[in-house]
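So the chains spell out like this:
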Amino acid sequence: MNNSVGQLVRRSVFIGISVLFLTAFTEKPTLRRFQKVAFGQTADGKTAHLFTLTNAHGMVVKVTNFGGIITSIQVPDKNNQPGDVVLGFDSLSSYLSGQPYLGALLGRYGSFIGNGRFSIDNKDYQLATNAGTNHLHGGKSGFDKKLWQAEEIRSGKKEAALRLAYMSANGEEGFPGNLDCRVTYTLTDQNELRIDYEARTDQKTHVNLTHHTYFDLSAGKNPTILSHEVQINADRYVVMDPKMVPTGELREVKNSALDFTKPAALGSRMEQLPGAYDHNFLLNRSGNNALQLAATVFEPGSGRYLSVFTTEPGLELATANWLNGKLKGKGNRVYAKQSGFLLYPQHLPDSPNQSAFPGTLLKPGEVYRQTTVYQFSVKTAR
């Protein structure tokens, strides 16, 4: 080999090594959009898992297949600093020890059914009663306490998705029919968490699935959520009797503490209520089942802005007055009164017994579908 050829070979090798070296340190690592780890053991010794969905903008959603619980949603604030905006626990054992449905998937019927009873084709059904004489959020052992089958169904360039499946047997908590349920959590690069619900039955039954997530858009920076500014696209709300059963009246929100047709801070009119916010609103809809904007929430300190879209006719707003400081959540944070708010779409409470409300009856051959989207963004002002 002459000198010129040798120099060329050595130079080519040097350039090749340099390119490999630079590539190793300058290429962006592949984004891991979907991860799965063991989360703990259920009471019957089965392993629950925690699934982490990540998008390209630093938003992270964590879901466990025990109860379909959303344990964490991390989104950036106006300074691009991430924060966890939902209440929850660090371990499965805390979810097992008795707590007020933090982050949980609710079913077969979210909300109340008066006296735990309804009739289908002149046949009476008695459900489990777990809220005085009423049935609440699926009963004594609802969907929030079930271990769901889980699978990653999509992890592409712009989104990641987790599907949970559960077969609720005929007679479970008193409901008729075998109910085959699918719930899909999708995180997009538009900072949207989309939850799609599907169910099929082999007998006529009532279904109302939803999610009971407690939000705090300050990510724990404020002791309460009373400064959050809320707007709800609803002119009427459901009037409840002292036993938390609807009277059947849908009352105008105008000139009341329940008027959120224009933005208002949660704490601005709460003294006008006998308790706090724990009300179901009938949304203003255009008459179809399309996804429509139901509500927005703005937290001035962080600049975080939440938009809620849904196909459902109703929306529940609650300010968690039942939290009393006895629960310690993630990072040993004490969950005191009004340290979170709930804003979850659903059918109206006690719909099986309220003929004037939108119906919840599912028949064989039909498919129950519900979609809710929680979209996060930031603003300097509302």
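Our structure's up above, just so we're on the same page.
What you see is a predicted model; the values in this text were computed from it and never measured.

(A) Structural view of the overall build of the chain. Looking only at helices and strands, the chain features two helices and 30 strands. Here the chain, with 382 residues, has 51% of them falling under the buried criterion. In the structure as shown, the chain presents an accessible area of about 17,500 Å², 50% of it carried by carbon and sulfur atoms. Placing the 41 positive and 33 negative side-chain charges of the chain at their respective mean positions leaves the two points 6 Å apart.

(B) Just empty space enclosed by the protein, in detail. Across all of its chains, the model carries two cavities of 30 Å³ or more by this definition. Its volume calculated, the largest cavity comes out at about 40 Å³. Lining the largest cavity, in full, are G107, R108, G138, S141, G142, F143, S168, E172, E173 and F175. A per-class count over the lining of the largest cavity returns two nonpolar, five polar and three charged. Put simply, the second largest cavity is a space of about 30 Å³. Taken together, N233, L283, N284, R285, Q292, L293, A294 and T310 make up the full set of residues lining the second largest cavity. The leading source of residues in the lining of the second largest cavity is strand β23 (residues 292-298), at three residues. Split into classes, the residues belonging to the lining of the second largest cavity amount to three nonpolar, four polar and one charged.

(C) Just the pattern of salt bridges, in detail. One pass over the full model with this rule turns up ten salt bridges. Salt-bridge contacts for D144 lead to K145; the nearest nitrogen and oxygen are separated by 2.8 Å. Residue class for D144 comes out buried when judged on its relative accessible area of 7%. For E249, the salt bridge goes to R251, with nearest N and O atoms at 3.0 Å. For R251, a relative accessible area of 36% translates into the label partly exposed. It is possible to trace a salt-bridge network through shared partners that takes in E198, R200 and R369.

(D) Region of the structure containing the pairing of β23. For β23, the buried fraction is high: six of the seven residues fall into the buried class. In terms of strand pairing, strand β18 (residues 229-232) meets β23 through four bridges, oriented antiparallel. Following the sheet pairing, E229 is matched in β23 by F298. In this sheet, strand β24 (residues 304-310) lies alongside β23 in antiparallel orientation, the contact comprising six bridges. Across the sheet, the residue bridging to Q292 is T310, located in β24. Between β23 and β24, which pair antiparallel and follow one another directly, the connecting turn spans five residues, one of which, G303, has a positive phi of 80°.

(E) The arrangement of the sheet that holds strand β1 (residues 34-41) in detail. Reading across the sheet, the five strands line up as β1-β2-β3-β4-β5 and stay open at both edges, with antiparallel pairing between neighbours. Both edges of this open sheet fall to β1 and β5 (82-84), since each of them pairs with a single strand only. Neighbouring strand axes in the sheet, compared pairwise and without regard to direction, differ in orientation by 20° on average. Two elements, strand β3 (residues 60-64) and strand β4 (residues 70-76), share four bridges in a ladder whose sense is antiparallel. Residue pairing for β4: V61 is matched across the bridge by I73.

(F) The arrangement of unusual backbone geometry in detail. The omega torsion of the bond from G107 to R108 falls at 5°, within 30 degrees of zero and hence cis. Among the structural elements, R108 can be located in the loop between β6 (104-106) and β7 (112-113). One non-glycine residue, S111, lies in positive phi territory at about 80°. By secondary structure assignment, the location of S111 is in the loop between β6 and β7. Exposure remark for S111: the relative accessible area of 5% places this residue in the buried category.

(G) Structural context of the sheet that holds strand β17 (residues 214-215). Across the sheet, six strands lie side by side as β17-β28-β25-β22-β19-β20; this open sheet has antiparallel pairing. Where the open sheet ends on each side, the last strands, each with one partner, are β17 and β20 (246-252). Bridge analysis of strand β19 (residues 234-240) against β20 gives four bridges, and the strand direction is antiparallel. When the sheet's bridge partners are listed, Y237 is paired in β20 with R251.

(H) Quick look at the packing of aromatic side chains. Considering all chains together, one arrives at 15 aromatic pairs under this definition. Pairing F39 with Y95 gives two aromatic rings, centres 6.4 Å apart and planes at 50°, and the pair type is tilted. Of the two residues, F39 sits in strand β1 while Y95 sits in helix α2 (residues 92-96), which places them 56 residues apart along the sequence. Exposure remark for F39: the relative accessible area of 13% places this residue in the buried category. Look at Y95 and you get buried, because its relative accessible area is 5%. An aromatic cluster of at least three residues, connected via ring pairs, comprises F39, F89, Y95 and Y335. Over the ring of F260 we find R269, and its NZ or CZ is 5.1 Å from the ring centre.

Rules and cut-offs
- Residues numbered from 1 in each chain as written.
- Predicted model: local features only at pLDDT ≥ 70, side-chain atom pairs only at ≥ 80, totals over all residues.
- Heavy atoms only, no water.
- Helix = DSSP H or I, 4+ residues; strand = E, 2+ residues; numbered from the N terminus.
- Buried < 20%, exposed > 50% of the residue type's maximum accessible area, 1.4 Å probe, protein only.
- Areas by Shrake-Rupley, 256 points an atom, 1.4 Å probe, with all protein chains shown as cover.
- Lys, Arg positive; Asp, Glu negative; His and termini not counted.
- Charge placed at Lys NZ, Arg CZ, Asp CG, Glu CD.
- 1 Å grid on protein atoms, 1.4 Å probe; cavity = no way out; pocket = protein on both sides within 12 Å on 5 of 7 lines; lining within 4 Å.
- Points joined across faces, edges and corners; volume = space filled by probe spheres on them.
- Nonpolar A, V, L, I, M, F, W, Y, C, P; charged D, E, K, R; others polar.
- Salt bridge = Lys/Arg side-chain N within 4 Å of Asp/Glu carboxyl O.
- Pairing = 2+ DSSP bridges.
- Axes fitted to C-alpha atoms, helices over the stretch in contact; angles between N-to-C directions.
- Phe/Tyr/Trp six-rings, centres within 6.5 Å; stacked < 30°, edge-to-face > 60°.
- Lys NZ or Arg CZ within 6 Å of the ring centre and 35° of its normal.

Just geometry here; none of it tells us what the structure is for.
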